[in-house]
Every structure is written in structure tokens, then in C-alpha cells.
Amino acid sequence: MVDVTEKEMDNCTFKSDTVLSDVHLHCPNKRHLMVRLNAVGQPVFVSYFKILWNTEDLPSEKHVREAVTEREHQYRSGDELCDQDRNYLKKERELNSEGVEALLDDDGDLDVVRRPRRASDLEAEDLLRDKVYPVILMKGKDDAFEDEEQECACSDVVKIEHTMATPLEDVGKQVWRAAFLLADYILFKQHTFRCCSVLELGGGTGITSIIMGTVAKRVYCTDVGEDLLAMCEQNVALNKHLMEPGRGEVKVKELDWLKDEFCTDPEAPYSWSEEEIADLHDHCTVIMAADVFYDDDLTDALFRTLYRITHNLRHSCTVYLALEKRLNFTLRHMDVTCEAYSHFRNTLNDLENLQDRKMKYTVEPIKLDFCQFLIYERIEQL
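In this text the structure is predicted, and so the values were computed from the model without any measurement. (Residues numbered from 1 in each chain as written. Predicted model: local features only at pLDDT ≥ 70, side-chain atom pairs only at ≥ 80, totals over all residues. Heavy atoms only, no water.)

Q: Is there a simple way to think about the pairing of strand β12 (residues 318-322) in this case?
A: The two faces of the sheet receive side chains in turn, since in a regular strand these alternate between them. As paired strands, strand β11 (residues 284-290) and β12 are joined by five bridges and run parallel to one another. Bridging across to β12, V286 finds its partner in T318. Where the polypeptide runs from β11 across helix α11 (residues 296-311) and back to β12, its parallel neighbour, the crossover connection is right-handed. (Pairing = 2+ DSSP bridges. Helix = DSSP H or I, 4+ residues; strand = E, 2+ residues; numbered from the N terminus. Right-handed = clockwise from strand over helix to strand, strands pointing away.)

Spelled out as C-alpha cells, the structure:
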């Protein structure tokens, strides 16, 4: 899905209560470079995301389909079969040539002969079975990736630290597909966001705010959780080279949707100063959020926060929401549904129909026919 340079993490298994981003699922054979453990003991990895200003470098949908079809044809024809597969096909052909009559019983049913399994057989099988456990390699001083890191410190590469698999409450520490979609739109519409003051809700790893920071005057990247905000701040620092000197600025701040006020405690990390709150209210004209609509209660809280903030803005504001419709089978419906998206749409309609003398909200979709600058799968559900 992305242009990634990472170090190896072999035979990794995940618990049933963990969530793995499609960004990582799209390239399971990539090498993953672990750089550290975060404050809660989760391994943190680093990825490099290349911005392709020459979009001709991106593979077209037609070329992808042709490559997949060709690969399937090669597999069916046996061009890329391993020795084990070839031996299996050879035996299958020999069996077919001799006929299956010898394997049929008196009634014409297939008679499968099974022998009792001995304890020694089971023990031998256990010895041959591969052990599955995560092997995480830390970067060493003489690591070959150092040269690649130096090459990646350029104006068209975003360096992001992130986790690979988390519990649902920590999904903000991963990189998600809708963040790439929103980043693409920012890169495509740079003139629209030039010199703007921007607020991101649920910024997570900060990749979208960092892209926005390359064109906007000031970006407030917000989320909740000290460990997540520390990761986000680290990513902002890693990508300072992308900001225009003396212009783009990304500030990492706490914004809890379940609270009615900004955190202004000077002792709390990532709190707001009175000057920053005033700056947001006086100058913000763009609010954005990517892949934050997966829980109904959080969706309700986000829209309440959105209403409260926009109600206090001095200027009119445009809100950009990017999300992926995730289909799930539910026993309650006995069907594949997308309940989180349905709740999002209903709440969005309520906001648009809100009777407010001061505020009026209008909603319109954005066609996904704009250029793609990052390598990922732009699926229909985005």
C-alpha cells in the first residue's frame, strides 16, 4: 500500500483483540524496522512514505489487474510452482491416469484408508512444526538502513513512527488508509490550504497534519493520550525538513472529545494556552479528520466537539472528513453491514438539518478522481 523501508519482523502473531491497519496488511512481506518501545511497552516501527510528484510513476488500475491476471495464469500453468507443488501435481496426474476404481468400495463410494496414529508419530510431527512467535530486530549502529535513512531526509519523503497492531483504544498509533486519501487531497489542492490555520481532530500519528503543514501557516494536530501525543510530536520533529522555513508550523495539542473545554492546565503536557485558543477561534478556517468514525459514542462526541468549536469561530470554516466504510458480518442482522458508517451518516444529516440561528451546515461529497501522490489502494469504500 505504501512505499515503505522497514526491517524484518518474522513469524509475528497477534491476539484476537488487536486491530491491524490495512496499510500493514497490504504489504505483509515488507521488512519492519523497530526503533524503540513506547511508554506502555508497545514496539514502535518507522516507515518512509514517498510523495510521488510525478504521478505517472503510480501503477494504473489496468496495469495492476494485468499483473494479477498474469500471476494467476503463471500459477495455474505451473510456471512458478515450487518443487512440493510439482510433486503433488505429478502424483495427481499419475493417480488420474491409473483411474480411481481401486479406491472405490462396493457401493461406488470413495474408500479412504486411515491408519491409527501412534504417539511417536504425533511427537515427530510436533518436532517438525515451525514455532510461531514474534522476532523483532532493533536497528544497530552498522545497520544497512542508515544509508537509506540519509537518502530519505529529503523534501518528498515523510518519516513516520507508528505501531503495527494495537487494541481498539490505541488505533490512533497506527497509520490508516483514509489518512492517505486526505493527504492526497491536500497535495492536490495546495492552493486551497495555502497559509490557512487548520485544526485536525484525532490526528493519531500526525501524518495528515504533517502533509498539511507543508502548505498551511499553522496546524493544530490534536488527539488524546500522552503516549500517542508524544509519538505524534516525535513525528512532527522528524519531518521538520518538509516545512518551509519560517512558515509551516504543526502544534501537537490534547483535545478530548468527551470534555467540554480545552485543557489549559499549564502542568499538563500538550495543554493549550489562552493565546492558542484565541488564535484557533480567530483564524481557523479548516478542520479535518481522517478515519475516526469507528465507534458510535466517539462519533457522537466528535460531532458535539465539532459543533462547539465551529460555534466559536470568527470566520466560516470548511470541514474535511475522510473515512473508510468497513463492512462487518453481525449476528444481530445475520448479514454484512456497515453500522459505524450508517451512524456517521445519520449524525451528519442531523448536523446539516440543525436549526440554529447562528450556524448553517451544508454537506457535499468529494469525488475521488483527484491525483494520487501516495502509494496505497484507493478502494471504493473510501
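On we go from here.
Q: How do you make sense of the sheet that holds strand β10 (residues 250-254) when you look at a structure like this?
A: Strands belonging to one sheet form pairs held by backbone hydrogen bonds; the direction of such a pair is parallel or antiparallel. If you trace the five strands from one edge of the open sheet to the other, you get β10-β9-β8-β11-β12, paired in parallel fashion. Looking along the sheet, the strands with just one partner apiece sit at the ends: β10 and β12. Taking each pair of neighbouring strands and ignoring which way they run, the sheet shows an average axis angle of 20°. Sheet topology places strand β8 (residues 197-200) next to strand β9 (residues 218-223); four bridges connect them, and they run parallel. The residue bridging S197 from the neighbouring strand is R218, located in β9. (Axes fitted to C-alpha atoms, helices over the stretch in contact; angles between N-to-C directions.)

Q: Would you mind going over the sheet that holds strand β6 (residues 157-162) with me for this structure?
A: Taken together, three strands build an open sheet; the order of strands is β3-β4-β6 and the sheet is antiparallel. The strands lining the two open edges of the sheet, one partner per strand, are β3 (33-37) and β6. Across the sheet, the mean angle from the axis of one strand to that of its neighbour is 30°, orientation sign disregarded. Here strand β4 (residues 43-50) pairs with β6 via six bridges, running antiparallel. Note that in β6 the partner of F49 across the bridge is V158.

Q: What's the story with the environment of V319 in this structure? I'm lost.
A: Position of V319 among the secondary structure elements: in strand β12. By relative accessible area, V319 is classed as partly exposed at 31%. Through-space distance from the C-alpha of V319 to that of M288 is 5.5 Å; in sequence the pair is 31 residues apart. (Buried < 20%, exposed > 50% of the residue type's maximum accessible area, 1.4 Å probe, protein only.)

Q: Explanation requested: the side chain of S209 in the structure shown.
A: If you trace the backbone, S209 turns up in helix α8 (residues 207-213). Classification of S209 by relative accessible area gives buried; the value is 0%. At 2.4 Å, the side chain of S209 and the side chain of E200 are in polar contact. The contacts of S209, once residues within four sequence positions are left out, are E200, V219, C221, V250 and M288. (Polar contact = N/O pair within 3.5 Å; in protein donor to acceptor, adjacent residues only side chain to side chain. Contact = heavy atoms within 4.5 Å.)

Q: I'm lost on the environment of L181 in this one. Help?
A: Relative to the helices and strands, L181 resides in helix α6 (residues 177-188). The class for L181 is buried, based on a relative accessible area of 7%. Considering only alpha carbons, one finds L181 and A322, 141 residues apart in sequence, at a separation of 7.1 Å. In this structure L181 touches L368, F370, Y376, R378 and L382, once residues within four positions along its chain are discounted.

Q: Explain α6 here, please?
A: Since the α-helix advances by 3.6 residues per turn, residues separated by three or four positions end up pointing in the same direction. Its 12 residues give α6 an end-to-end C-alpha distance of 17 Å, which sits within 8% of 16 Å, the value for a rise of 1.5 Å per residue. By the criterion of burial, α6 is predominantly enclosed, with 11 of the 12 residues buried. Buried positions along α6 lie against α1 (22-25), β4, α7 (190-193), α8, β11 and β12. (Expected span 1.5 Å × (residues − 1).)

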